[in-house]
Amino acid sequence: MAEAGSFAERVKQQADIVRVVGEYVRLKKSGQNFTGLCPFHTEKSPSFAVHPTKQIYHCFGCGVGGDVFKFVMEMEKCAFPEAIRVVAEKCGIAVPRQKERSPEERKENQQRTILVEMHREAQTFFVKQLEGTLEGKASRAYLEDRGLDKDAIERFGIGYAPSGGDTLLRHLKSKYNEKLLVESGLVSRDQSAGRLFDRFRRRITFPIANESGKIVAFGARALGDDMPKYLNSPETPIYSKSNVLYHMDRAKDALRRQDFAILVEGYMDAIAVARAGISNVVASCGTSLAEPQIKLLGRFTRRVVVNYDPDTAGQTATERSLSLLLEQDFEVRVLALPPIGNKKADPDLFIRERGKDEYLKLLKEAPPYVDYLIARARQMDLTTGEGKLRAVNFLLPYVQRIPNRILRSEWATRIAQQLRLDEPVLRAALSKAAAERRSEVKTQPELVGRAAKPVERRLIRMLAEAEGFRLELAKHLQNAHLYNGLETEKIFAALVIASLSGQPVLATEVGAVLEDRDRRLLFEILFEEANEPTWEEAMSCIEALQNRQAERELADVQRSIEANPAASELRGLLEKKQELMRRLAAAR
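Here the structure is a predicted model, which is why all the values come from computation and not from measurement.

On to the overall build of the chain. What the chain contains, in helices and strands, is 27 helices and 15 strands. Its C-alpha radius of gyration of 32 Å places the chain more than 25% over the 25 Å reference for a compact globule of 588 residues. By principal-axis analysis of the C-alpha atoms, the chain measures approximately 95 × 70 × 45 Å. Residues classed as buried in the chain amount to 46% of the 588 residues present.

Below, the structure written as structure tokens:
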């Protein structure tokens, strides 16, 4: 790749591959070569070798190999020109300035350099305000209440923007002209009066750095009741929010080492997770995750655990992020933290209240995205065919965004099991929607099933009419929870309550407590022709419901086993599985 006489060739000749590789891999001298554990695959015995004379590397385990540029490209997930620059800087080789093609380009480069310098000065200013002013003292008290000590404040460069309104402006305007001050995003202009004022006022500041570690923007949290609660820098020549992830500059090495990223929403969440010793965390700064951010993440890993806030906005952001991550073929899990008392817990609150060990435990157990989304779908009303259709349509856009056919097939199986749908019919409906490029499945009676299966319809009829054993039948159904989760659950519940009351069951009174759809179904069943009910037939119907209940439990247990639980929990699940299989075998 390096042409003779080019700068790349000169760098390659002067570079020491052992020194460069040694920054990523712990190498030991072994004869004329150096060896270590391969950074490209997991191994316990070193099979990765670097040849100092030939200036090449090779892994005898996974077969990767190449020169110093290839190594840096693989480790940094960067292109060849960037690899040349990285190797040159690591080896102390001066990188020549690129020829600027026009005066406009030269002016733009100069402007970007000045804006980066301005942000560096603003960072120093904000830190001094936090450390040396009375307002800053109040801010430090707030940060201490949030669990941030002096070391954490210094580590993450947290500062304070004073309430004066033009304090930073006065600090900067002696060096920079008005146009640059406004373009930096640090200063705003009053549209009516035309005066300049500080964008950030009476706010705690968090520096936002690009992946190279240069501060290009700020996020700021209001101390009082000022709105918005969080305020970010606007888009500028050096900052585009869709291209930057907070903490990426510090997380890069950990992302490569751990080979997965934890994606959180805000600065405090990222700081809390990083302080817990989990460095492979990045934040989308409270904005919707964008495709350029995903591509940036993909340079370091293609595995992500999404841990957004559990509120409605956080759930929406989680679902949108999943869509984009799946399109880019990421392996995704979702960590939905349990509440702390009556409070919904974000990562910051959870770690402060429960500790890092509990957070790490839940992080390791975070389920695949498919289980998270199906769990969300199951929160919908699945007792009706229409409800099941809504749940399928909620899941369909995610299915369509999965490029891998095997994964799509796995989805269909899981959806059918969890929503209790006929799998072949569901697959046909999904395939038809995909072929027609529709984002929803049209209503199909064969997909959502009849309003009630024959066994359910017969038992409903018995509860309404079997005077001789209706009370005993109601007790059986209630004690075993046999109608829970059925499409006819509400009808059964109303009839069971009426039967247990000891009073005559009147269809009109039962119908009066039901919704229109269930009332229509009840009357439809009562008008069907049927034989005189017997206790033996009732027991046969109950046995059928018990078998269906056992099959659902077996499917749930199997999914729990597939989630790789702890050894103690796995033993209990396996015992439960055997018990259910024995019960079903005996019933056949």
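Having seen the model, we can carry on.
Moving on: the sheet that holds strand E6 (residues 159–161). Sheet architecture is open: four strands sit in the order E6-E9-E10-E11, paired in antiparallel fashion. Whereas interior strands pair on both sides, the edge strands pair on one side only; in this sheet they are E6 and strand E11 (230–232). Pairwise comparison of adjacent strand axes, ignoring direction, gives a mean angle of 35 degrees for this sheet. The pairing of strand E10 (residues 215–222) with E11 spans three bridges and is classified as antiparallel. Across the sheet, Gly219 pairs through a bridge with Asn232, a residue of E11. Against the sheet, helix H11 (residues 267–275) makes contact with strand E9 (203–209), E10 and E11, and its axis sits at roughly 70 degrees relative to E9, the strand it touches most.

Judged by nonpolar contacts, the single largest core of 66 residues is most densely connected at Ile158, Leu186, Tyr246, Ile262 and Tyr359. Here Tyr246 is in contact with Phe156, Phe206, Pro207, Ile208, Tyr267, Ala270, Ile271, Val281, Val282, Ala283 and Cys285, once residues within four sequence places are set aside. Grouped together as the second largest cluster of nonpolar side chains are 46 residues, Val282, Ile294, Ala377 and Leu430 included.

This brings us to the pairing of strand E14 (residues 303–306). Each regular strand displays side chains that alternate between the two surfaces of the sheet. Pairing of strand E12 (residues 261–264) with E14 involves three bridges; the strand directions are parallel. Across the sheet, the residue bridging to Ala261 is Val304, located in E14. Pairing of E14 with strand E15 (residues 331–334), which is carried by four bridges, proceeds in the parallel orientation. Bridging across to E15, Val304 finds its partner in Val332. Regarding topology, helix H13 (residues 312–327) serves as the crossover connection from E14 to the parallel E15, and that connection is right-handed.

Moving on to the side chain of Glu43. By the element assignment, Glu43 lies in the loop between strand E2 (33–36) and strand E3 (48–51). At 12 Å, Lys44 is the nearest oppositely charged side chain to Glu43, a buried residue that forms no salt bridge. A polar atom in the side chain of Glu43 sits 2.6 Å from the backbone nitrogen of Cys38. Looking at Glu43, its side chain comes within polar contact range of the side chain of Ser47, at 2.5 Å.

The subject of this paragraph is the side chain of Ser184. Tracing the sequence through the fold places Ser184 in the loop between helix H9 (178–183) and strand E7 (187–189). A residue is classified by how much of its surface remains accessible, and Ser184, at 0% relative accessible area, is buried. At a separation of 3.1 Å, a polar atom in the side chain of Ser184 contacts the main-chain amide nitrogen of Leu186. Discounting residues that sit within four places of it in the chain, Ser184 has contacts with Leu115, Met118, His119 and Thr236.

At their nearest, the axes of helix H22 (residues 470–479) and helix H23 (residues 489–500) sit 9 Å apart, and the two run at 130 degrees to each other. It follows that H22 is oblique to H23 by the angle criterion. In this structure, H22 meets H23 at a crossing whose hand is left-handed. Touching Arg470, Leu471, Ala474, Lys475, Leu477 and Gln478 of H22 are Phe492, Val496, Ser499 and Leu500, all from H23. Classifying every residue of the contact of H22 with H23 by side-chain character gives six nonpolar, two polar and two charged.

Criteria and cut-off values
- Residues numbered from 1 in each chain as written.
- Predicted model: local features only at pLDDT ≥ 70, side-chain atom pairs only at ≥ 80, totals over all residues.
- Heavy atoms only, no water.
- Helix = DSSP H or I, 4+ residues; strand = E, 2+ residues; numbered from the N terminus.
- Rg over C-alpha atoms; globule rule 2.2 N^0.38 Å.
- Buried < 20%, exposed > 50% of the residue type's maximum accessible area, 1.4 Å probe, protein only.
- Pairing = 2+ DSSP bridges.
- Axes fitted to C-alpha atoms, helices over the stretch in contact; angles between N-to-C directions.
- Contact = heavy atoms within 4.5 Å.
- Core = buried A, V, L, I, M, F, W, Y, C linked by side-chain atoms within 4.5 Å.
- Right-handed = clockwise from strand over helix to strand, strands pointing away.
- Lys, Arg positive; Asp, Glu negative; His and termini not counted.
- Salt bridge = Lys/Arg side-chain N within 4 Å of Asp/Glu carboxyl O.
- Polar contact = N/O pair within 3.5 Å; in protein donor to acceptor, adjacent residues only side chain to side chain.
- Parallel < 35°, antiparallel > 145°, perpendicular 65-115°, else oblique.
- Left-handed = near helix turned anticlockwise from the far one by under 90°.
- Nonpolar A, V, L, I, M, F, W, Y, C, P; charged D, E, K, R; others polar.

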